[in-house]
Amino acid sequence: MVGIGEKKASILARELGLFTLKDLFEYYPYRYVDKSRFVKIAEIRSAEVYTLLLGKVIAKQIVGGAKSQRLVVRLADETGSIELVFFRGIRWISESINIGAIYVVFGKPNYFNGTFNLPHPEFEKFNPQKDYKKEKFMPLYNTTERMKNAFLASKQLSQIISAAVKKFSSFIEETLPQYIIDAYHLCSRREAIVCIHSPFGEETLAKARFRLKFEELFFMQAEHLLINSNRKSNSRGFVFAKVGENFNTFFSKHLPFELTNAQKRVVKEIRNDMRTGSQMNRLLQGDVGSGKTLVALLSMLIALDNGYQATLIAPTEILAMQHFQSINRFIGDMNINVSLLTGSIKGKSRKNLLTSLADGSIDILVGTHAILEESVIFNNLGLVVIDEQHRFGVEQRAKMWTKNTIAPHILVMTATPICRTLAMSIYGDLDYSVIDELPSGRKPILTTHLYDRDVLRLFDFMKKQIEQGRQIYVVYPLIKESEKLDLKDLMDGYESIERAFPLPQYQISIVHGQMKPEDKEYEMQRFKKGITNIMVATTVIEVGVDVPNATVMVIENAERFGLAQLHQLRGRVGRGANQSYCILRTKDELSSDARFRIETMCRTNDGFEISRADLQLRGPGDVSGTRQSGVLDLKVADIVKDEGLMAQVRTLAQNVLADDPHLTKTQNLPIRKYFMTKHKVSDFSMIS
Ligand code: ADP
Ligand code: MG
């Protein structure tokens, strides 16, 4: 690469994955340092911020024994003085620094022994003729320890990159069509890249960054849309032409309530997908309690009406069991064979089940990941519904494709409240439906924060609710690394609840991860049937449990839960007509993040707002629970801050592709070229 020597080139390749000139150009700074202003020594407040100082050297001294020898130089301005400390090149530096002279010094302060010093700053003699403001922003690049050892720290990398950019900028090709550049007043790609590595001012830098974000988001969205439309035209899907007896009978005779408008709309979207002749890949997003299970059931009935089997996959045994039961309850005496397959179904019953599945006598198979196993063979699988996608990898989704000669339709349901921007970037290649309405008659859950010491108030409140016939969850966090400790918390909590709520007046259930599945199930059933008043549990009940009579969710050690989890847990109550409550219990001392989470929960019930707060706090990779999706390693754009731009750019990409689906028009040549280079294909239709 560009005359930087083989050794350095190989370090860049190994450490940062930079192989070509293009890679180098696109290795953007992560931040800039403002060098436009000298900071006064007394103003230094933070160890993390690069600082530019102007001062006079008033002393220098080599101190310490052979091993810890260092040069200490004292720099002073009219507000105070600070030590510059050097550990390497001591003699040479000492000789080049003159006491009494004025220096421009630049470095990152270090806080040590109650005061700041500057380890190994850059320095030069102050030159009154020089305009220091010209180097307004200094770019900072991420580097690794190995690179620093090979003298390839941020500063050297910056020199290499800006030299390369200056020398070879004529090779930087435009990737966006001129009509888009004009319409959005973008600067050219060349200008943007030159500027992002050596900016001359705030305004041009902002323009460069905008241009690069725009392009990044545009190509991300365009690629999703292309994959999606290619899949639609290439991948054949079963045609579910009709809505038949199962669906109609269920709808007219068994449906216990009116569907919400959102449910109706979504069922229609799914039905339309499944009759087109191409495979459905749809994400169904709906907040907890919005009634996704019913939508899943209605979709599965359409599959049955067309002579196919359907399956519903849940992330845990408890959930699978619950789906199994609620589907059976919904369909009542209809002539539909629903079966359950989980990891704990073994031996003869498993064998029998597999036989009936293969000969087609099972219509709907509900279960866990166990369904993915190769030995599970369907007679004619037409629809796969996956509940709670965040525990389900993309690979697992792909496994289901192979369960029939043509890939079955796939419906992914998630309650993880991810906001639209994130959904658009993670699942942008899926079609997207949203249930944005809760069944009517639900009252918003009231959420309060109580400290651990408020235990008497809590128990009082719980007793009043139980008197009114309501049921209560008390949940403890379970975080793997400290499982034993957590279990102790749970057991201690259980004992104190037992003392306050004695038999025979009160009945208490307990469920935790170390119990056998059948024992868990037994306890769950007792709670569901209303035999027990209180369910003490770890987060095994996090997802999907449905007991409408439960109106109080007490979350212990709430400061240890993330926002998404808190929201999921809270969603376990508020499912019936009675007023529900969520009580977040914490210790007195809270970190600022924890306080923010608790306050967010007390302020709002809106899953989307919560997800946005979560995204702010944690960043996208963690929220989605999966880093597999390459779309999240954006270089310049930020999916939280650039939400508006993302939406704008997605619409643009949609319009461009609607007008020119195969990008054959001359004006769109740059876009086409971009994708062909990226995927190293000559045939454009292969991008998928
Ligand atoms: P989730 O979307 O969280 O999976 P569920 O499917 O478990 O929600 O539904 C929550 C509760 O609401 C269930 O008790 C379900 O029977 C009920 N429900 C679903 N749809 C409606 C509706 N249209 N009207 C009233 N209750 C409904
Ligand atoms: Mg559910």
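Residues numbered from 1 in each chain as written. Chains lettered and ligands numbered in written order. Predicted model: local features only at pLDDT ≥ 70, side-chain atom pairs only at ≥ 80, totals over all residues. Heavy atoms only, no water.

Some details on the site of ligand 1
Working step 1: By nearness alone, 17 residues border ligand 1, and G289, K292, T293, R442 and D546 come closest of all.
Working step 2: The backbone of S290 places a nitrogen or oxygen atom 3.5 Å from an oxygen atom of ligand 1.
Working step 3: Here K292 contributes a side-chain N or O atom positioned 2.8 Å from an oxygen atom of ligand 1.
Working step 4: Protein contact buries 85% of the 570 Å² of open area that ligand 1 shows by itself.
Working step 5: Residues that form the shell around ligand 1 fall into these classes: five nonpolar, six polar and six charged. (Near = heavy atom within 4 Å. Polar contact = N/O pair within 3.5 Å; in protein donor to acceptor, adjacent residues only side chain to side chain. Areas by Shrake-Rupley, 256 points an atom, 1.4 Å probe, with all protein chains shown as cover. Nonpolar A, V, L, I, M, F, W, Y, C, P; charged D, E, K, R; others polar.)

Focus on helix 7 (residues 189-197)
Working step 1: Burial in helix 7 covers these residues: R189, A192, I193, C195, I196 and H197.
Working step 2: The inward-facing, buried residues of helix 7 contact helix 2 (21-25), strand 1 (31-34), strand 9 (137-140), helix 5 (154-168) and helix 8 (202-234). (Buried < 20%, exposed > 50% of the residue type's maximum accessible area, 1.4 Å probe, protein only. Helix = DSSP H or I, 4+ residues; strand = E, 2+ residues; numbered from the N terminus. Contact = heavy atoms within 4.5 Å.)

Focus on the nonpolar core
Working step 1: By size, the foremost hydrophobic cluster in this structure holds 65 residues, and its most contacted members are F250 and L365.
Working step 2: Not counting residues within four places of it along the chain, the set of residues in contact with F250 comprises E245, L255, L294, L297, L298, L301, F330, I331 and M334. (Core = buried A, V, L, I, M, F, W, Y, C linked by side-chain atoms within 4.5 Å.)

Topic: the pattern of salt bridges
Working step 1: By the definition in use, this model includes 27 salt bridges.
Working step 2: Across the pair E173 and K673 runs a salt bridge whose closest N-O atoms are separated by 3.2 Å. Within this pair, whereas E173 is found in the loop between helix 5 and helix 6 (178-183), its partner K673 is found in helix 24 (residues 669-679), the two being separated by 500 residues in sequence.
Working step 3: For E173, a relative accessible area of 47% puts it in the partly exposed group.
Working step 4: Residue R560 is joined to D489 by a salt bridge in which the shortest nitrogen-to-oxygen separation is 4.0 Å. Of this pair, R560 sits in the loop between strand 21 (550-555) and helix 19 (563-570) while D489 sits in helix 17 (residues 483-500); the two residues are 71 residues apart in sequence, bridging distant segments of the chain. (Salt bridge = Lys/Arg side-chain N within 4 Å of Asp/Glu carboxyl O.)

Some points on the packing of helix 8 against helix 24
Working step 1: Relative to each other, helix 8 and helix 24 sit at 80°, their axes nearing to 12 Å. When the axis of helix 8 is compared with that of helix 24, the two are roughly perpendicular. Contacts between helix 8 and helix 24 involve F218, F219, A222, E223 and L226 from the former and I671, Y674, F675, K678 and H679 from the latter.
Working step 2: Its residues placed into classes, the contact of helix 8 with helix 24 shows seven nonpolar, one polar and two charged. (Axes fitted to C-alpha atoms, helices over the stretch in contact; angles between N-to-C directions. Parallel < 35°, antiparallel > 145°, perpendicular 65-115°, else oblique.)

Points about the side chain of D305
Working step 1: Along the chain, the position of D305 falls in helix 11 (residues 292-305).
Working step 2: Although buried, D305 forms no salt bridge, and the nearest oppositely charged side chain, K242, lies 6.7 Å from it.
Working step 3: Among the polar contacts made by the side chain of D305, one reaches the main-chain amide nitrogen of G244 at a distance of 2.8 Å.
Working step 4: Not counting residues within four places of it along the chain, the set of residues in contact with D305 comprises K242, V243, G244, E245, N246 and F247. (Lys, Arg positive; Asp, Glu negative; His and termini not counted.)

Overview of the sheet that holds strand 4 (residues 80-86)
Working step 1: The strand order across the open sheet built from seven strands is 6-7-4-3-2-5-8, with neighbouring strands paired in mixed fashion. At either end of the open sheet lies a strand with only one pairing partner, and these are strand 6 (110-112) and strand 8 (122-125). Taken pair by pair, the neighbouring strands of this sheet meet at an average axis angle of 40°, ignoring direction.
Working step 2: Looking at chain direction, strand 2 (residues 51-63) and strand 5 (residues 102-107) are connected through six bridges and run antiparallel. Bridge pairing in strand 5 places T51 opposite G107. (Pairing = 2+ DSSP bridges.)

Quick look at the confidence of the model for the chain
Working step 1: Predicted confidence across the chain gives a mean pLDDT of 86, with 91% of residues reaching 70 or more.
Working step 2: With pLDDT under 50 throughout, residues 621-631 is counted as low confidence; its partners more than four residues away or in other chains account for 18 contacts. (pLDDT = per-residue confidence, 0-100.)

As for the packing of aromatic side chains
Working step 1: Taken as a whole, this structure holds 20 aromatic pairs when the rule is applied.
Working step 2: Aromatic pair F461 and Y581: ring centres 4.9 Å apart, planes at 85°, arrangement edge-to-face. One end of the pair, F461, is in helix 16 (residues 455-467); the other, Y581, is in strand 22 (residues 581-586), and 120 residues separate them in sequence.
Working step 3: Counting every residue linked through ring pairs, the aromatic cluster contains F218, F219, Y674 and F675.
Working step 4: Against the face of F501 rests K463, its NZ or CZ located 5.2 Å from the ring centre. (Phe/Tyr/Trp six-rings, centres within 6.5 Å; stacked < 30°, edge-to-face > 60°. Lys NZ or Arg CZ within 6 Å of the ring centre and 35° of its normal.)

Some details on the environment of S162
Working step 1: Here S162 shows up in helix 5.
Working step 2: A sequence separation of 395 residues divides S162 from N557, and the C-alpha atoms of the two residues are 51 Å apart.

Digging into the sheet that holds strand 20 (residues 534-537)
Working step 1: In space, the six strands of this open sheet follow the order 17-22-21-18-20-19, with parallel pairing throughout. Because the sheet does not close on itself, it has two edges, and the strands there are strand 17 (446-451) and strand 19 (508-511). This sheet shows a mean twist of 20° between the axes of neighbouring strands, independent of strand direction.
Working step 2: Here strand 18 (residues 471-475) pairs with strand 20 via four bridges, running parallel. Pairing of V475 across the sheet is with A537, part of strand 20.
Working step 3: Contacts from helix 16 reach strand 17, strand 18, strand 20, strand 21 and strand 22 within the one sheet, and its direction differs from that of strand 22 by about 160°.
Working step 4: Against the sheet, helix 19 touches strand 17, strand 18, strand 21 and strand 22, its axis set at about 155° to strand 21.

Examining the side chain of T51
Working step 1: Its place among the elements puts T51 in strand 2.
Working step 2: Among the residues examined, T51 registers a relative accessible area of 8% and is labelled buried.
Working step 3: Every residue in contact with T51, bar those within four places of it in the chain, is listed here: V39, I44, V105, F106, G107 and P109.

Some remarks on the environment of I610
Working step 1: Along the chain, the position of I610 falls in helix 21 (residues 607-618).
Working step 2: Here I610 falls in the buried class, since its relative accessible area comes to 1%.
Working step 3: Sequence separation of I610 and L381 is 229 residues, and the distance between their C-alpha atoms is 37 Å.
Working step 4: Beyond its immediate chain neighbours, meaning those up to four positions away, I610 contacts L563, H567, R570, T600, M601, T604 and N605.

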